[in-house]
Number of protein chains: 2
Amino acid sequence: MPQTNPVSQEISLSVIKTACSNCNLRELCLPFGLSDEELSRLDDLVSSRRRIKRGDHLYRAGETFDAIYAIRSGFFKTDVLLEDGRDQVTGFQMAGELLGLDGISTEHHTCNAIALEDSEICAIPFSRLEGLSREIHTLQHHFHKVMSREIVRDHGVMMLLGTMRAEERLAAFLLNLSQRFTARGFSHAEFYLRMTREEIGSYLGLKLETVSRAFSRFQEEGHIAVQQKHIRILNVSGLKALLTHRS
Amino acid sequence: MPQTNPVSQEISLSVIKTACSNCNLRELCLPFGLSDEELSRLDDLVSSRRRIKRGDHLYRAGETFDAIYAIRSGFFKTDVLLEDGRDQVTGFQMAGELLGLDGISTEHHTCNAIALEDSEICAIPFSRLEGLSREIHTLQHHFHKVMSREIVRDHGVMMLLGTMRAEERLAAFLLNLSQRFTARGFSHAEFYLRMTREEIGSYLGLKLETVSRAFSRFQEEGHIAVQQKHIRILNVSGLKALLTHRS
DNA sequence: TTTTACGGTTGACATGGATCAAGCCAACGC
DNA sequence: GCGTTGGCTTGATCCATGTCAACCGTAAAA
């Protein structure tokens, strides 16, 4: 939408300008390790900031890929749909994380990205990112690390899906969320789930009833307190023990 | 080992020299899309070729990462080990595919790569690859595509582990192998498995007995002929139907 | 305030795949 | 040729999780 009011024009420009350099997620996100001068070059590139309302798609499987997205605030899920109607949640993403890396491969997105709460993202045109990372070694290397980290994360999920039983999967899931919230300055012990039991189940390869029962069991055993989407972790080591003790 | 004989010196030099430009896998591997001049610069970088004997490790989890590896010939598996002894095969790799991308993230390998038959690999020092891909746009972009493809592949495995039943998993596995053998000029309908039932099971999140039973069932139903590791696919569409028909 | 709807919980029962166990087959060393 | 070994197959049984169904709680709509 064109801006006719010079004041709001100025505001929107300044918002764009402050993109990465003022972002308190820069140590988690793409700008990690860049000098001020390099950072401002990245700022030029992170062209647009966009709000995505809860329930809306950031992109859909099949759309042509031309940008990756950094989450500035909010919470997303990605899911893959099979021809026969089966689908699976492949990940939950929070502020500071990147979305859309899967699209580089075929130049089309291969999954759907859906906001689980009102969110804000920064679009990073991919060819310009490649251009800049040809000039800024640090940026190039960090981007490679981020992609590699995604591969390692996926291996972790494969491990979870391939070898763990229901309660182990849920414990791993909660600990992972807790750790990621901590890294963002939130409480490690208390948080709201942004997704439904069904979405958790889909991600963990379980039915929603199984997820619900596991939550109840954890509560009975004093590991956590659950009230709908509100989770309090009461006994971290109890949860961790569930993971390592082959039962 | 130092070469004192000038003749064998010359041979080993010429072997190195022909690395990528003469490799018949170059359209599947990193050199994809490069001009002759660019190709020869990549050749300079692919420093060493190494033989790995069946059963030997190419690298181990925890070792420091400094190179990725292209498989020139042979067959590998990668697996991840958990503290409590559980392990899982995260992939099977064949000629033309890259190994070690997971190590970029932490500068340490996060899985083991083990040869399932006598194999030959090309080591590609990673920092030099980054250097060259800062200069050769095509190489940079192709490398990004390869990493992204790995992420997409992992999502496929997550889908398989999360939503498919045993026979669907095995059908998907066989069709995937068949397709990859075809891309390498081998028969799509007849091949030898390089891995044991247990390794297949680990990859597919199943026990070896379940894998064995599924093979027997496919044979009874005329989809395939199995004799130990020798597989003949008799009815591709039958296998495909197993995948799409929600039963 | 009541109604509705959606997500969550819980119970009873079914089942696919794990587990345990025995035996088979093919390759290899002696 | 014979025994050993590792990998594979097959059968019997068990159990974790799926399935089906009823009900509950909370929040938004009426």
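The following paragraphs examine the structure supplied in this document.

**Focus: the protein's contact with DNA strand C**
Every one of the 17 residues lining DNA strand C counts as a neighbour, but S212 and S216 of chain A together with A166, T210 and R213 of chain B are closest to it. Expressed as a percentage, the sugar and phosphate content of the atoms of DNA strand C within 4 Å of the protein is 63%. Separating a phosphate oxygen of DNA strand C from a backbone N or O atom of A166 of chain B is a distance of 2.7 Å. At a separation of 3.3 Å, a base nitrogen of DNA strand C approaches a polar side-chain atom of E209 of chain B. If you list the elements that add at least two residues to the surface near DNA strand C, you get α7 (208-220) of chain A together with α7 (208-220) of chain B. If you tally residues by element for the surface near DNA strand C, the top one is α7 of chain A, at 5 residues.

**Quick word on the pairing of strand β11 (residues 230-233) of chain B**
Residue and element names in this part refer to chain B. The sheet contact formed by strand β9 (residues 190-192) and β11 spans 3 bridges and is antiparallel. Pairing of E190 across the sheet is with R232, part of β11. Two strands pair when backbone bridges link them, and strand β10 (residues 224-227) and β11 are joined in this way by 4 bridges, in the antiparallel orientation. Note on β11: the bridge partner recorded for A225 is R232. Between the end of β10 and the start of β11, which pair antiparallel, lie 2 residues, with Q228 showing a positive phi angle near 55°.

**Structural notes on the pairing of strand β5 (residues 87-94) of chain A**
All names here are of chain A. Across the 8 residues of β5, 7 count as buried, placing the element largely inside the fold. The pairing of strand β4 (residues 75-81) with β5 spans 7 bridges and is antiparallel. Note on β5: the bridge partner recorded for V80 is Q88. Counting the residues between successive antiparallel strands, the hairpin from β4 to β5 contains 5 residues, one of them, G85, with a positive phi of roughly 100°.

**A look at the interface of chain B and chain A**
Contact with chain B, which involves 45 residues of that partner, is made by 45 residues of chain A. Carbon and sulfur atoms supply 60% of the area that chain B and chain A bury against each other, a total of about 4500 Å² over both sides. Counting the surface chain B buries against chain A, the share from its top three residues, R86, R134 and M158 of chain B, is 17%. If you look at where chain B meets chain A, you find 4 salt bridges. At the boundary of chain B and chain A, one finds 31 residue pairs in polar contact (both at pLDDT 80 or more). Along the lines of polarity and charge, the residues of the side of chain B that touches chain A split into 15 nonpolar, 16 polar and 14 charged.

**Comments concerning the protein's contact with DNA strand D**
DNA strand D sits among 17 residues. The nearest are A166 and T210 of chain A together with S212, R213 and S216 of chain B. Taken together, the sugar and phosphate atoms account for 63% of what DNA strand D places within 4 Å of the protein. T210 of chain A places a side-chain nitrogen or oxygen 2.4 Å from a phosphate oxygen of DNA strand D. A distance of 2.8 Å separates a phosphate oxygen of DNA strand D from a polar side-chain atom of R197 of chain B. Contributions of two or more residues to the surface near DNA strand D are made by α7 of chain A together with α7 of chain B. A total of 5 residues in the surface near DNA strand D trace back to one element, the largest contributor, which is α7 of chain B.

**Digging into the sheet that holds strand β6 (residues 98-99) of chain B**
All names here are of chain B. Taken together, the 4 strands give an open sheet; going across it, the order is β1-β8-β3-β6, and neighbouring strands pair in antiparallel fashion. Two strands bound the open sheet, and with one partner strand each, they are β1 (48-52) and β6. Sheet topology places strand β3 (residues 67-73) next to strand β8 (residues 119-125); 6 bridges connect them, and they run antiparallel. Residue pairing in the sheet places Y69 in a bridge with A123 of β8. Packed on one face of the sheet, helix α3 (residues 126-135) meets β3 and β8 and runs near 60° to β8.

**Looking at the sheet that holds strand β2 (residues 57-59) of chain B**
Sheet architecture is open: 4 strands sit in the order β2-β7-β4-β5 (chain B), paired in antiparallel fashion. Only two strands of the sheet have a single partner each, and these edge strands are β2 and β5 (87-94) of chain B. In this sheet, neighbouring strand axes are inclined to one another by 30° on average, regardless of whether the strands run parallel or antiparallel. Here strand β4 (residues 75-81) of chain B runs beside strand β7 (residues 112-115) of chain B; their pairing, made up of 4 bridges, is antiparallel. Across the sheet, F76 of chain B pairs through a bridge with A115 of chain B, a residue of β7 of chain B. Helix-sheet contacts for helix α4 (residues 137-163) of chain A involve β4 and β5 of chain B, and the interaxial angle to β5 of chain B is about 120°. Running over the sheet, helix α6 (residues 197-204) of chain B touches β4 and β5 of chain B and is turned about 105° from β5 of chain B.

Criteria and cut-off values
Residues numbered from 1 in each chain as written. Chains lettered and ligands numbered in written order. Predicted model: local features only at pLDDT ≥ 70, side-chain atom pairs only at ≥ 80, totals over all residues. Heavy atoms only, no water. Near = heavy atom within 4 Å. Polar contact = N/O pair within 3.5 Å; in protein donor to acceptor, adjacent residues only side chain to side chain. Helix = DSSP H or I, 4+ residues; strand = E, 2+ residues; numbered from the N terminus. Pairing = 2+ DSSP bridges. Buried < 20%, exposed > 50% of the residue type's maximum accessible area, 1.4 Å probe, protein only. Contact = heavy atoms within 4.5 Å. Buried area = accessible area lost by both parts, 1.4 Å probe. Salt bridge = Lys/Arg side-chain N within 4 Å of Asp/Glu carboxyl O. Nonpolar A, V, L, I, M, F, W, Y, C, P; charged D, E, K, R; others polar. Axes fitted to C-alpha atoms, helices over the stretch in contact; angles between N-to-C directions.

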